[in-house]
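Residue-level structural notes
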Amino acid sequence: MPLLLQEEEEMAASPPLDTSPDTSATSDLERRVMATVMTSETRGVPSWLCAVKVAQCCGNEESDSPAFPNADLAAIMVSNLCFSHNTPYMWKLLEQSMATKLVYPLHVLALLTSRVIQNRREQPQAYRLYLELMRQYAVSFSLLDAGPHKEKITKSIDDTLQLSNTYRFENWDLGMAVVLFLVSAISSLLDCVLQDWGSLVASQCQLVNEGPQSMDVDVNSNLSNNKSKHLELLKRRHLLGHVFGTGLADSSLSHLICAGKTSCWIPFDIFMEKVMDGKTFCPASSIEILTGLTKTLQIVNQASWQETFQALWISALRLVQRAREPMAGPVPYIESRLSMLLSIVPLSISLLLREESNPTSEGISASSRKQSLVACLQSLTQFSRLLHPPEPVVCAANDAATKAAIVVTDFNMASSNQMMHRKYLIKAVPNSLLSEDCPWLNFMQGAPLAVSLQNVLINIPAPSVTELKKLNHLALHGSDEERSAAAKILCGASLARGWRVQEHVVHIIVRLLSPQLTLRSLGIGDANFYLSHMNMLAALLSCLSHNYIIQILSLYGLVPDVVAALMPLCEAFGLLPPPSISQSTGEEVSPYSVFSFAFLFLLRLCKYYGPDKEFYASSCGGPVRPDLKLDFLLLMRNSRIQKNTALSNKYYANNVADPFHDLRCHLVYVDSFPKLRAWYFENQVYLTSNLSDECNGNRKREVANKILILVCRNMNKDEWSVSSSSSNSSSSKITHRSSSTFCSSTSGSISGSFESMSGDEIQGLRHYPAWELLEAVPLVLDAILNACAYGPISSRDLTIGLRDLVEFLPASIAAIIRYFKAEITRGAWNCVPLNGIDWPSPAEALDSFHLEVKEVLERVSIHIQNWYPQDLQPMLPLPLAAFLSLSITFKLDKKSEYTRGVIGQAIENYSRYCPWPIMLTVGALLIQKARRWHDFVVFLGARSHFTNDKDSVHQLLCSCFKSFLGPGSLVSKFTTSSNGVVGLLGESVCDRLAMHPGILFLNTCHVFRAPRYFSEVICKLVVDWTSKLAGEWNSGGPTQLKFGQTSLATALCEVRRVAILGASLLCMAGRSPLVQYLFEETAPTFLLSMHEERSKPTTWISSMLEGYAISYLLFFSAAIVWGVRAGTAPDKYRSSDMSPYAIKNHLGFIANVVEGNIVLRSNPDMWKAHVSSFVGLIVRFAPSWVPSTKLDALKKISGRLRGWHEYELALSLLELGGISAIEAALESLS
């Protein structure tokens, strides 16, 4: 070693060192070793021979063969070298011992570091030799060389450098000790360099910045000022960053992940369209979900924030354009779509902008997102067609555009004509919105809420939160008329089109539904308390019947909160005595009406009459899709409250001043409401043959007989009563009595008023609480249905009787639906002919309806052979025929909105229990009576076809891929007007003749009874399309003619495009549980057995691309549902724990395969491509997925990656494994 020889000569000429010997007692080993060293040095024995003798000394200490490297020997040599025996011979002996592994090199360096660095100025020769040893041994080591003294060496390093005190770790291993030693050593050396060269650096800075200086300037004092300290700290950190900032080099995937910009934002469009179907329940607010999805796509697409914001705005604009001519039907269209564009998306962006003030935000400067937003809005002028609002909302859009100028002044970065709402301005703003006699201005100046002013305010959105505060105060503390008026105004245009204040309005509504949370002076169980708020609650609940309001509440994630607020209302008003209160408007309000409004609203939110749980059963330990039951909603709400997120005010810029976020966070349980609990559990087990149990008690039979009088009052027949045939009978029957008849009367109002009924029995019926009436309804239904099937009641009398019952107590429609559902499910009733005499006939419209449904299905390439048999009279089971006859008697007016909303959902659900042709009969019957809903019913008929037909689901998904990807040619790399988002979702959801497969799938996936089939089909389609692309790549031209062949990069971009479409459809069909099933079942099955299923051998390029495709599908599915980093999880309330679980299991599966525990039957090229691609995507974009994986699995995968020469990827994977993987990472380096 030249440097050591040079230092030996310098030390020989230098005077003896002025150091005192160590005062501690030396061991016998130390005496023998040092005696051997001194003797060898005196005799001139070569250092290598002296090392052999020292090894023999260590062997004499033990009876067995010596174990090297020896920790005690290293401590003896270093303690004498520093500095009692600091001679060139000792340094040469130490170096020889390190080279021959008598001592562990890193242990020696750690011992030297604690002694040499601090004495570098007194011992410069020792410092130079120490640096030479660091150069040779610091980065060339193996943890396996530590030998049997591994734990002793680890403890010695820790004790010498005080690593435990510095880094606060308890459980140590050698790998962690080595890493922290290197960090400490390099940091100390950098400090030495900065300290030793500090005078020169400081003087240079002064000469540059401050001109000539005096020669007697105190350099030390200059270095001690804050500026110099800050500069030194920055330099130190900068150097450390260069030392340790190895990072992951750009792999072959890095330049591909951002390719295909026109297609990589399809999750935006699919998510927005899916939440518009009226069937999707968001586990969190759409604002939070969209915020997380935006951050995820920005990361995985490697896009700028300007590109991200532009894609988000364009997707929202396309969402509105697809509903330019709304389809008539019980599905919200334009209002909820405009809420997404003008409220949800802006609030989501505001969350992203406010994150800039958080110092923990990663990779973004203080103003880059705001600047990107302004640049994005400026660039939207090129999309003039998308910026034209639909005609029904031009005035409302103008109003929003005018008020949006305030946002511009808040940003202070762009002129008003560049902001989003201003871009949506088409025509002049109505003068009534800007004039001094604006109705809202008059209201704020104290004008009374007369009927005329009330009607105007209902149709004009509130301009600001100030007006909402006053309405909220009036609704709680005003007179009865003012309370009702304020509630109606809040549920009017301010909720439907007041996009600037909409987020405040929805929270006010939840607050008003829970007055007990704000008026603590009154007890919750006090009847007078509820009666004092009856007018306000009746007005509020009656206005919440519109479908778009339910959709808006769902968009803001408030469905669980509304459910919790409705439960005490249902329980209380269902038990209250039924006095009526007349209003000045002539309307009559009673506990019956409030109970009915609240109960039916609760049913629509919870969907009691929805599909059975077994339809969604999963082998993964839970439902594939959340079934919106009451316990699920309450569990989610209570969980959110416990996490202090249910009433989070982070949506608002001025959190402290917001007056509508002081709701009391109390937990709600079903057991707190006995009547509602009883109904809920009875509904779960159905009401089939247990009516004998229902008949127990004279009270219930008495109520049932009185209801039967009401039902039979228009039949012009003798009186009928309910009785039980025997103690063992399971059903009720009608007993004839010939004593009296009942006069006819006209239908009453929804409030339950029957002015024309004059009997004492009828009047006595009004004294029963609503819950008692509701409990007795099934007995009456069983009696009259049996009477219609076997006896004296005609179908017309049955329909009229049921209609009278619903008009007397609107909530009874829930009992009717529940009972008929149970009877349809049992299948015990005969079918009745729909001949137009006894029952309404659909024959007139049946053939045309069949052809229209067939036309819709054929447009998406679904061809059906088995249609409704010709010359067969339409028939339906008696319960379904009775329910349809009842449903068509309700008019399409606002008065019947609540009832029709419940009936519409029930009809759709009933169709799932029957063969598909029955829905065609139902549809043909409905379009005759509800002609305005013609297109919607046709669409419903087409959708019902997919309930049980797997082949049709497969064809529909094939159409989705074909419409989005085009013909599949690699030559046509750019999205054209006939494919992409337009091909998948179309330009209109309202034209049934232009139905696109994406719209049909998103509105169908929730009715399919085997949703796990989606995972299998989508995975297979992704692989098939990839194989097709590989075939085109191979046939691109002769290998000699490279210019005629498509590049592999282009093929990979197309594979990514296929995978992200499949992931988006899969996530919207089943969200987290279905993605988990993809990871645990579908993908492993494909990876293990795909090669066996192929009849023809595949090329290497096909196998490789298929491996990439499966990895892309897995990664994008997990990223969309679970997010890739902290704060990007859209579904965090329900699936935050599934992400590490599913990823851990899949990485464990990969580890078992690479180790040989699982036999791999697929192509090795495909397997290699999948593993390297999937791991590379995780390392690059989702490092937070790795720490939960077992260390053993990471070691196995890393070892296989090194075998494939993926060294940097293998090391990066271990680096993400956390502290426990440090030793494994160091072993991989060696």
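Keep in mind it's a predicted model, so treat the numbers as computed, not measured.

Points about the overall build of the protein
- On a plain count of helices and strands, the protein comes out with 57 helices and 6 strands.
- Within the span of the protein, comprising 1230 residues, buried residues form 57% of the whole.
- Taking the contacts inside the protein whose residues are at least 6 apart along the sequence as the reference set, 77% of them involve residues at least 24 apart.

Observations concerning the packing of aromatic side chains
- Scanning all chains against the criterion turns up 22 aromatic pairs.
- Considering the side-chain rings of Phe1079 and Trp1122, the 6.0 Å spacing of their centres and the 45° angle between planes classify their relative orientation as tilted. In this pair, Phe1079 sits in helix α50 (residues 1048-1093) while Trp1122 sits in helix α51 (residues 1100-1122), placing the two residues 43 residues apart along the sequence.
- Look at Trp1122 and you get buried, because its relative accessible area is 5%.
- Ring centres of Phe1149 and Trp1167 lie 6.0 Å apart, and the angle between their planes is 85°; on these two criteria the pair is classed as edge-to-face. A residue pair is termed long-range when its members are at least 10 positions apart, and Phe1149 in helix α53 (residues 1138-1155) and Trp1167 in helix α54 (residues 1164-1181) qualify at 18 residues.
- Classification of Phe1149 as buried rests on a relative accessible area of 10%.

Points about helix α45 (residues 934-944)
- Within α45, 9 of the 11 residues are buried, which leaves it mostly tucked inside the rest of the structure.
- Within the span of α45, buried status applies to Phe936, Val937, Val938, Phe939, Leu940, Gly941, Ala942, Arg943 and Ser944.

Considering the pattern of salt bridges
- Tallying each qualifying case throughout the model produces 18 salt bridges.
- One salt bridge connects Arg369 with Glu355, and the closest N-O pair in it is separated by 3.1 Å. With a gap of 14 residues between them, Arg369 in helix α18 (residues 368-379) and Glu355 in the loop between α17 (334-354) and α18 connect regions that are remote in the sequence.
- What makes Arg369 buried here is its relative accessible area of 6%.

Concerning the packing of helix α7 (residues 124-137) against helix α10 (residues 174-196)
- Two numbers describe how α7 lies on α10: the axes approach to 13 Å, and their chain directions differ by 140°. Put simply, α7 runs oblique to α10. Of the two possible hands of crossing, α7 and α10 adopt the one that is left-handed. Here α7 contributes Tyr127, Tyr130, Leu131 and Met134 to the contact with α10, which in turn contributes Phe181, Ala185, Leu189 and Cys192.
- Tallied by class, residues from the contact of α7 with α10 come to 8 nonpolar, no polar and no charged.

Focus on α51
- The end-to-end C-alpha distance of α51, which contains 23 residues, comes to 33 Å, matching closely the 33 Å that a straight helix rising 1.5 Å per residue would cover.
- The buried fraction of α51 amounts to 22 of the 23 residues, a majority that puts the element mostly inside the structure.
- Where α51 ends, the next residue or the one after it, Gly1123, has phi of about 75°, a positive value.

Observations regarding unusual backbone geometry
- Here the phi dihedral of Gln162 falls at roughly 55°; this positive angle occurs in a residue that is not glycine.
- Structurally, the position occupied by Gln162 is in the loop between α8 (150-161) and α9 (163-167).
- For Gln162, a relative accessible area of 39% translates into the label partly exposed.
- Phi at Ser861 is positive, roughly 65°, even though this residue is not glycine.
- With respect to the helices and strands, the residue Ser861 is situated in the loop between α41 (843-859) and β6 (875-877).
- What makes Ser861 partly exposed here is its relative accessible area of 42%.

As for the packing of helix α31 (residues 559-573) against helix α32 (residues 591-606)
- Two numbers describe how α31 lies on α32: the axes approach to 9 Å, and their chain directions differ by 145°. The crossing of α31 and α32 is left-handed. In this structure, α31 uses Val559, Val562, Val563, Leu566, Met567, Leu569, Cys570 and Phe573 to contact α32, whose residues at the interface are Pro591, Val594, Phe595, Ala598, Phe599, Phe601, Leu602, Leu605 and Cys606.
- A per-class count over the contact of α31 with α32 returns 17 nonpolar, no polar and no charged.

A look at the environment of Ile709
- Note that Ile709 resides in helix α36 (residues 698-711).
- Each C-alpha atom of the pair Ile709 and Val780 lies 9.9 Å from the other, and the pair is 71 residues apart in sequence.

Notes on a nonpolar patch on the surface
- Taken together, the side chains of Trp48, Leu49 and Val52 present a nonpolar region at the surface, about 280 Å² in accessible area.
- As for its position among the elements, Val52 is in helix α3 (residues 47-60).
- Residue class for Val52 comes out partly exposed when judged on its relative accessible area of 38%.

Details of the environment of Gly1176
- Within the fold, Gly1176 resides in helix α54.
- In sequence terms Gly1176 and Ser1212 are 36 residues apart; their C-alpha atoms lie 9.0 Å from each other.

Re the side chain of Gln298
- Mapped onto the fold, Gln298 is located in helix α15 (residues 286-300).
- With a relative accessible area of 17%, Gln298 lands in the buried category.
- Here the side chain of Gln298 touches Ala303 through a polar contact of 2.8 Å, landing on its backbone oxygen.
- Discounting chain neighbours no more than four positions away, the residues touching Gln298 are Trp265, Ala303, Ser304, Trp305 and Thr308.

The rules behind the values
Residues numbered from 1 in each chain as written. Predicted model: local features only at pLDDT ≥ 70, side-chain atom pairs only at ≥ 80, totals over all residues. Heavy atoms only, no water. Helix = DSSP H or I, 4+ residues; strand = E, 2+ residues; numbered from the N terminus. Buried < 20%, exposed > 50% of the residue type's maximum accessible area, 1.4 Å probe, protein only. Contact = heavy atoms within 4.5 Å. Phe/Tyr/Trp six-rings, centres within 6.5 Å; stacked < 30°, edge-to-face > 60°. Salt bridge = Lys/Arg side-chain N within 4 Å of Asp/Glu carboxyl O. Axes fitted to C-alpha atoms, helices over the stretch in contact; angles between N-to-C directions. Parallel < 35°, antiparallel > 145°, perpendicular 65-115°, else oblique. Left-handed = near helix turned anticlockwise from the far one by under 90°. Nonpolar A, V, L, I, M, F, W, Y, C, P; charged D, E, K, R; others polar. Expected span 1.5 Å × (residues − 1). Patch = residues over 30% accessible without salt bridge, like charges linked within 9 Å, V, L, I, M, F, W, Y side chains within 5 Å. Areas by Shrake-Rupley, 256 points an atom, 1.4 Å probe, with all protein chains shown as cover. Polar contact = N/O pair within 3.5 Å; in protein donor to acceptor, adjacent residues only side chain to side chain.

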